[in-house]
Amino acid sequence: MILEIARMGHPVLEARAKEVEDVSAPHIQQFIADFVETFQSLGGVGLAAPQVHVPLRLFVMQLPAGRRDDADEPAPSGDPAPLVVINPSLDPLGDERVLRLEGCLSIPGLRALVPRWRRIRYAGVDTDNAPVGGDVGGFHANVVQHEYDHLDGILYPMRVTDFGSFGFEEELARFPRPLDTLESAA
Ligand code: NI
């Protein structure tokens, strides 16, 4: 079942989501199946549960193969299946930050440069309660930070420091500017 996407302004996107207490519970497994189906119907790289009006701490992501935003980071392998990350933790590795161009399915059509940690460590469990996560950088780190923020009620415009970079994707594509960054969207 395809779920409806919450757009910026809906309170579900502004609240802290709750931990999933029993990953194996049938209603949780059914929700995740619908959530992943919805994600795959949208063609994005990540989606967090609050974005479908469900305030639980989980997100799904699928990183395109070969996408490498930092030359010193390995490119994602392009796993064939989307990865569901439940009850995640997230910590920066080092204090280096970079600007990433982001979008969000809850804020359709817009993009802005967002300061993000260059490298992070994250951990959670998947739908089988198996550990997932790792030390990552580049696009992978960008997507995880964006989706994790959704679980704390944070949308990317709340992190923007340079609103000169905020605009509609179509216009930014028509009038490219020298962005000292690499594009990403989640
Ligand atoms: Ni988003």
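Calculation rules
- Residues numbered from 1 in each chain as written.
- Predicted model: local features only at pLDDT ≥ 70, side-chain atom pairs only at ≥ 80, totals over all residues.
- Heavy atoms only, no water.
- Phe/Tyr/Trp six-rings, centres within 6.5 Å; stacked < 30°, edge-to-face > 60°.
- Helix = DSSP H or I, 4+ residues; strand = E, 2+ residues; numbered from the N terminus.
- Buried < 20%, exposed > 50% of the residue type's maximum accessible area, 1.4 Å probe, protein only.
- Lys NZ or Arg CZ within 6 Å of the ring centre and 35° of its normal.
- Expected span 1.5 Å × (residues − 1).
- Salt bridge = Lys/Arg side-chain N within 4 Å of Asp/Glu carboxyl O.
- Pairing = 2+ DSSP bridges.

Asks: How should the packing of aromatic side chains be read in this particular structure?
Replies: In this description, an aromatic ring pair is defined by two values, namely the gap between the centres and the angle between the planes. All told, the structure shown has three aromatic pairs when counted by the stated rule. For the pair F31 and F35, a centre-to-centre distance of 5.5 Å together with 25° between the ring planes defines the contact as stacked. Here F35 and F31 lie together in helix α1 (residues 26-42), a separation of four residues that amounts to about one turn. On the accessibility criterion, F31 (11% relative accessible area) is buried. Pairing F163 with F166 gives two aromatic rings, centres 5.9 Å apart and planes at 65°, and the pair type is edge-to-face. Using a relative accessible area of 48% as the deciding quantity, one classes F163 as partly exposed. The exposure class of F166 is partly exposed, given its relative accessible area of 29%. Following the ring pairs from residue to residue traces out a cluster consisting of Y156, F163 and F166. Its end group placed over the ring of Y148, R57 keeps NZ or CZ at 5.7 Å from the ring centre.

Asks: Before we go on, may I ask you to explain the environment of P11 in this structure?
Replies: Relative to the assigned elements, P11 resides in the segment before α1. A C-alpha to C-alpha distance of 9.5 Å links P11 and P50, two positions 39 residues apart in sequence.

Asks: How do you make sense of helix α2 (residues 138-151) when you look at a structure like this?
Replies: Structural remark: α-helix, 3.6 residues per turn; residues separated by three or four positions point the same way. If you check α2, its first and last C-alpha atoms are 21 Å apart, about what 14 residues at 1.5 Å a residue would give, namely 20 Å. Of all 14 residues that make up α2, 13 are buried, and the element is covered over most of its length.

Asks: For this particular structure, what's the right way to read the pattern of salt bridges?
Replies: Under the criterion given, the structure shown has 10 salt bridges. Between E19 and R16 there is a salt bridge, and its shortest N-O distance comes to 3.1 Å. On the basis of relative accessibility, which here comes to 41%, the residue E19 falls in the partly exposed class. Linked through salt bridges whose partners overlap, the residues forming this network are R16, E19, R57 and D152.

Asks: Teacher, can you tell me more about the pairing of strand β4 (residues 97-104) here?
Replies: Note on strand geometry: in a regular strand, side chains alternate between the two faces of the sheet. Counting buried positions along β4 yields six of eight residues, so the element is predominantly enclosed. As defined by bridge partners, β4 adjoins strand β5 (residues 107-117) across seven bridges and the pair is classed as antiparallel. Among the inter-strand pairings, E102 is bridged to a residue of β5, identified as A112. Connecting β4 to the antiparallel partner β5 that follows it, the hairpin turn spans two residues.

Asks: Whenever I open this one, α1 confuses me. Can you help?
Replies: Over its 17 residues, α1 extends 25 Å from the first C-alpha to the last, a length consistent with the 24 Å expected when each residue adds 1.5 Å. Buried within α1 are the following residues: I28, F31, I32, D34, F35, V36, T38 and F39. Positive phi shows up at G43, right after α1, with a value of about 75°.

Keep in mind these values describe shape, not function.
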